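Per-entry structural report
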Amino acid sequence: MAAYLCPPAVIHGEHAVKTSQIVEEVRERHPHAAWAPRIDSIAASTGIESRGWMLPLETAVAPGASGALAATGAGPARAALARDGFTERDVDRVIAALDAVPAPQTVQERTAPAWEAVQAYGERAARGALQIAGLDVSDVDCLITSNSTTPALPGLDVALANRLPLRSDAMLLPASQWACVAGTRSLALAADLVAADPDRVVLVVISEALSTTYQPADDTLESLIVRLLFADTAVAAVVTGRPRSQSVLRLDASWNHTLPDTQDLHRLETRADGTHFVMDRRGPRAVQNTVTAMWEWLDERYRDDPHSWHPDVLLAHPGGTRVLEYMEQTMPEEWPSGLLDHSRDSYTSGNRGGAAVFDILRRAHDAGQAPGSRAVLYAAAPGLTATALEGQWL
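Residues numbered from 1 in each chain as written. Predicted model: local features only at pLDDT ≥ 70, side-chain atom pairs only at ≥ 80, totals over all residues. Heavy atoms only, no water.

Let us now look at the packing of helix 1 (residues 19-29) against helix 9 (residues 221-229). One way to put it is that helix 1 packs onto helix 9 with a least axis distance of 10 Å and a crossing angle of 150°. It follows that helix 1 is roughly antiparallel to helix 9 by the angle criterion. Crossing of helix 1 against helix 9: the hand is right-handed. Contacts between helix 1 and helix 9 involve Thr19, Ile22, Val23 and Val26 on the former and, on the latter, Leu224, Arg227 and Leu228. Residues of the contact of helix 1 with helix 9, tallied by class, amount to five nonpolar, one polar and one charged. (Axes fitted to C-alpha atoms, helices over the stretch in contact; angles between N-to-C directions. Helix = DSSP H or I, 4+ residues; strand = E, 2+ residues; numbered from the N terminus. Parallel < 35°, antiparallel > 145°, perpendicular 65-115°, else oblique. Left-handed = near helix turned anticlockwise from the far one by under 90°. Contact = heavy atoms within 4.5 Å. Nonpolar A, V, L, I, M, F, W, Y, C, P; charged D, E, K, R; others polar.)

Bringing the packing of aromatic side chains into the picture now. One pass over the structure, following the stated rule, counts six aromatic pairs. A centroid spacing of 6.1 Å and a plane angle of 20° characterise the contact between Trp255 and Trp297, whose relative ring orientation is stacked. Linking Trp255 in strand 9 (residues 249-262) with Trp297 in helix 10 (residues 283-301), this pair joins segments that are 42 residues apart in sequence. Accessibility assignment for this pair places Trp255 and Trp297 in one class, buried. On the numbers, 5.4 Å between centres and 90° between planes, the contact of Trp295 with Trp335 is edge-to-face. Of this pair, Trp295 sits in helix 10 while Trp335 sits in the loop between helix 11 (321-330) and helix 12 (341-347), and the two are 40 residues apart along the sequence. One exposure class covers both Trp295 and Trp335, and it is buried. Members of the aromatic cluster, connected to one another through ring pairs, are Trp295, Tyr302, Trp309 and Trp335. (Phe/Tyr/Trp six-rings, centres within 6.5 Å; stacked < 30°, edge-to-face > 60°. Buried < 20%, exposed > 50% of the residue type's maximum accessible area, 1.4 Å probe, protein only.)

Here the focus is the pattern of salt bridges. Pairing is possible between side chains of opposite charge, provided their charged atoms come close. A complete count under the given rule lists 21 salt bridges for this structure. Note that Asp366 is salt-bridged to Arg362, the shortest N-O span being 3.0 Å. Of this pair, Asp366 and Arg362 both sit in helix 13 (residues 356-367), four residues apart, which is roughly one turn of that helix. Classification of Arg362 as partly exposed rests on a relative accessible area of 22%. In the salt-bridge network here, residues are joined through shared partners; they are Arg250, Asp252, Arg301, Arg374 and Glu390. (Salt bridge = Lys/Arg side-chain N within 4 Å of Asp/Glu carboxyl O.)

Core analysis: the largest hydrophobic core is formed by 39 residues, its most contacted members being Ile144, Leu187, Val202, Val239, Leu249, Leu377 and Trp393. Of all the elements, helix 8 (residues 182-196) adds the most residues to this core, at seven residues. In this structure, Trp393 is in contact with Val248, Leu249, Val313, Leu361, Ala364, His365, Gln369, Ala370, Pro371, Gly372, Ser373 and Ala375, ignoring residues within four places of it in sequence. (Core = buried A, V, L, I, M, F, W, Y, C linked by side-chain atoms within 4.5 Å.)

The next point concerns the environment of Ala175. Looking at the element boundaries, Ala175 is found in strand 6 (residues 171-175). The spatial distance from the C-alpha of Ala175 to the C-alpha of Thr145 is 5.9 Å, given a sequence separation of 30 residues. Excluding its chain neighbours within four sequence positions, the residues that come into contact with Ala175 are Thr145, Ser146 and Asn147.

On to the environment of Leu173. Locating Leu173 in the fold gives a position in strand 6. With 217 residues separating them in the primary sequence, Leu173 and Glu390 have C-alpha atoms 23 Å apart.

Time to look at the side chain of Thr385. With respect to the helices, strands and loops of the structure, Thr385 is situated in strand 14 (residues 383-393). Residue Thr385 is classed as buried on the basis of its relative accessible area, which comes to 11%. At a separation of 3.3 Å, a polar atom in the side chain of Thr385 contacts the side chain of Thr258. The contact partners of Thr385, leaving out residues within four places of it in the chain, are Val181, Arg185, His257, Thr258, Ala379 and Ala380. (Polar contact = N/O pair within 3.5 Å; in protein donor to acceptor, adjacent residues only side chain to side chain.)

Written out as structure tokens, the structure is:
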């Protein structure tokens, strides 16, 4: 399957949002929540002190532009008050008071500015990846995009095709629902495309504003965890069918796995006030099943050399550190320690969703990898579904 990957460009959210800011905002808004006495320890357990967002925290928590009467209008409220015997003067006072009550942001108010940021960050990442690869926009034959947090039609693929701009005959392959698996699955698809045509140049761009899932009105424990975890990032990389002087990793094989009847464990829901990420506490344990299946794939792939082969680096985004711990506990004893160091390092500044594996890959590249070192890339996503790749550093 050999495909060749150039170092990715990684653009972090430029607005630093500290965990202490989130804790303060949530504590003031939900002082009587069941988890309120434990909020400091919950925040500390994430290991995240700050994360980058494309837009500032103030944008996420601001009230909507319209008052509480925006949904129904003042007319029906006036009629109801008049029927209950209120005088016209009292009706005016009540209507004025109700209209002054802050209302949550609408879906449009919350997602429109984020969508603009996603496009701008995606363009920056795309141009950065092409510069790293020593290529021009006109060299791109295919663009693969992923963006799950700010749904739009046309999507990120068409936006970038115009903003860069790409050739009119470039193939556009948008993936709006890959989410956390976007990093590995986009590379697996790119590898298939260049296998069919080794002269093809594939540009992969993933841009996610996960901060749009920050919903101020939610008072569940799961919502608190979502607030604390997510970061915004745009990443991009070039994949070719022939090695280039800029290539750093050869991709040799890919693997996909889907767990049946797990589609409800983690999901995005669009409600009146925007996008909500719904977590299920059973999720991490279910993701562990995909890890076990990946170990079986690698064992089968190297069944003739089970004791001497091992990866030299494992670039993994299973959704959280709990599954990383499971990976360390279940990998063969003969494998060296520290394989997941770059993965853990990435989580200290937030969960980047589909952009995570590229961020981890960039960290591994910047740390230096010996030519010939073996790498395994793995990610799992809502579904539950997982994709892994195996390759060699050049």
